[in-house]
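Take a look at the letters that make up each chain.
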Amino acid sequence: AQSVTQLDSQVPVFEEAPVELRCNYSSSVSVYLFWYVQYPNQGLQLLLKYLSGSTLVKGINGFEAEFNKSQTSFHLRKPSVHISDTAEYFCAVRPGDGSRLTFGEGTQLTVNP
Amino acid sequence: NAGVTQTPKFRILKIGQSMTLQCTQDMNHNYMYWYRQDPGMGLKLIYYSVGAGITDKGEVPNGYNVSRSTTEDFPLRLELAAPSQTSVYFCASSSWTSFHEQFFGPGTRLTVL
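So, here is what we can say about the structure in this document.

Rules of the game
- Residues numbered from 1 in each chain as written.
- Chains lettered and ligands numbered in written order.
- Predicted model: local features only at pLDDT ≥ 70, side-chain atom pairs only at ≥ 80, totals over all residues.
- Heavy atoms only, no water.
- Helix = DSSP H or I, 4+ residues; strand = E, 2+ residues; numbered from the N terminus.
- Rg over C-alpha atoms; globule rule 2.2 N^0.38 Å.
- Buried < 20%, exposed > 50% of the residue type's maximum accessible area, 1.4 Å probe, protein only.
- Disulfide = S-S within 2.5 Å.
- Contact = heavy atoms within 4.5 Å.
- Phe/Tyr/Trp six-rings, centres within 6.5 Å; stacked < 30°, edge-to-face > 60°.

So, about the overall build of chain B. Secondary structure summary: chain B contains zero helices and 11 strands in total. When the elements of chain B are put in sequence order from the N terminus, they spell out β-β-β-β-β-β-β-β-β-β-β. Compactness check: chain B gives a C-alpha radius of gyration of 13 Å against a globular reference of 13 Å for 113 residues, within 12% of the reference. A principal-axis box enclosing the C-alpha atoms of chain B has dimensions of 40 × 30 × 25 Å. The buried share of chain B, reckoned over its 113 residues, is 47%.

Okay, the state of the cysteines next. Residues and elements named next belong to chain A. For the coordinates displayed, the defined rule picks out two disulfides over all chains. Disulfide partner of Cys23: Cys91, at an S-S distance of 2.0 Å. Judged by the sign of its S-S torsion, about -70 degrees, the bond between Cys23 and Cys91 is left-handed. Here Cys23, found in strand E4 (residues 23–26), pairs with Cys91, found in strand E10 (residues 87–95); they are 68 residues apart in sequence, far enough to count as distant.

A word on the side chain of A:Thr107. Residue and element names in this part refer to chain A. Along the chain, Thr107 falls in strand E12 (residues 107–112). For Thr107, a relative accessible area of 1% corresponds to the buried category. Excluding its chain neighbours within four sequence positions, the residues that come into contact with Thr107 are Gln6, Asp8, Ser9, Val11, Leu21, Ala87, Glu88 and Tyr89.

Our focus in this paragraph is unusual backbone geometry. Put simply, B:Thr7 and B:Pro8 share a cis peptide bond, and its omega is -5 degrees. By the element assignment, B:Pro8 lies in the loop between strand E1 (4–7) and strand E2 (10–13). One non-glycine residue, A:Glu16, lies in positive phi territory at about 75 degrees. A:Glu16 gets classed as exposed once you look at its relative accessible area, which sits at 60%. Of note, the phi angle at A:Asn41 is positive, near 60 degrees, even though the residue is not glycine.

Turning our attention to the environment of B:Lys9. Counting through the fold element by element, B:Lys9 comes out in the loop between E1 and E2. With 100 residues separating them along the chain, B:Lys9 and B:Arg109 place their C-alpha atoms 6.2 Å apart.

Attention now goes to the packing of aromatic side chains. Applying the stated criterion across every chain, the model contains 12 aromatic pairs over all chains. An angle of 80 degrees between the planes, with centres 5.5 Å apart, marks the rings of A:Tyr36 and B:Phe104 as edge-to-face. Here A:Tyr36 is found in strand E5 (residues 31–38), whereas its partner B:Phe104 is found in strand E10 (residues 103–104) on a different chain. There is no split in this pair, since A:Tyr36 and B:Phe104 are both buried. Considering the side-chain rings of A:Phe103 and B:Phe104, the 6.2 Å spacing of their centres and the 75 degrees angle between planes classify their relative orientation as edge-to-face. With A:Phe103 in strand E11 (residues 102–103) and B:Phe104 in strand E10, this residue pair bridges two chains. By the burial criterion, A:Phe103 is buried, and B:Phe104 matches it. An aromatic cluster is present here, built from A:Phe34, A:Tyr36, A:Phe90, A:Phe103, B:Tyr33, B:Tyr35 and B:Phe104 joined pairwise through their rings.

Structure, rendered in structure tokens:
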């Protein structure tokens, strides 16, 4: 079985500051990793995914994440955030041999002016 | 291409009533999922389906039923609504050809009073 821990439930930052949202996972098998974003009153949309290859993955809206197998982490970063990045962010893991995602509990990113 | 659509957007039920949440996708995805989202809890899988005629329980199936008679539709049935089923419900779909990146509907906000 897999599990996902998002280490911060809320992250407040000022506009144009850098941000890192932390995600650790546990799994006994190889996994694929995802970050989803949920804007207020909307469904989830994919931000980026790690399947294989380069451990640095770039996604939409200037976000990127780094897969660290030894530390079982998949932290999300953005060098300069905008007000419009205010949303909830979910880390998710899928085993290589299955289709089901396991989600973390989410991190609410609030960007203040 | 509408993606994943859900109806209704909002619903208020009385305890003991029943209802069906509708979900339709037009991407010809074999896999479909129902989640519930409660504040601070992330997304929990209720039921999923790997193809027409095949369904299976997720983490929190009690109080719900599903059917999958076509590839496109995956309705979720609540038979005897309880206050504990107050939540936001999301339907999603995926395909192995896109490494099971899940596409989400806009959600149904259900309140049971």
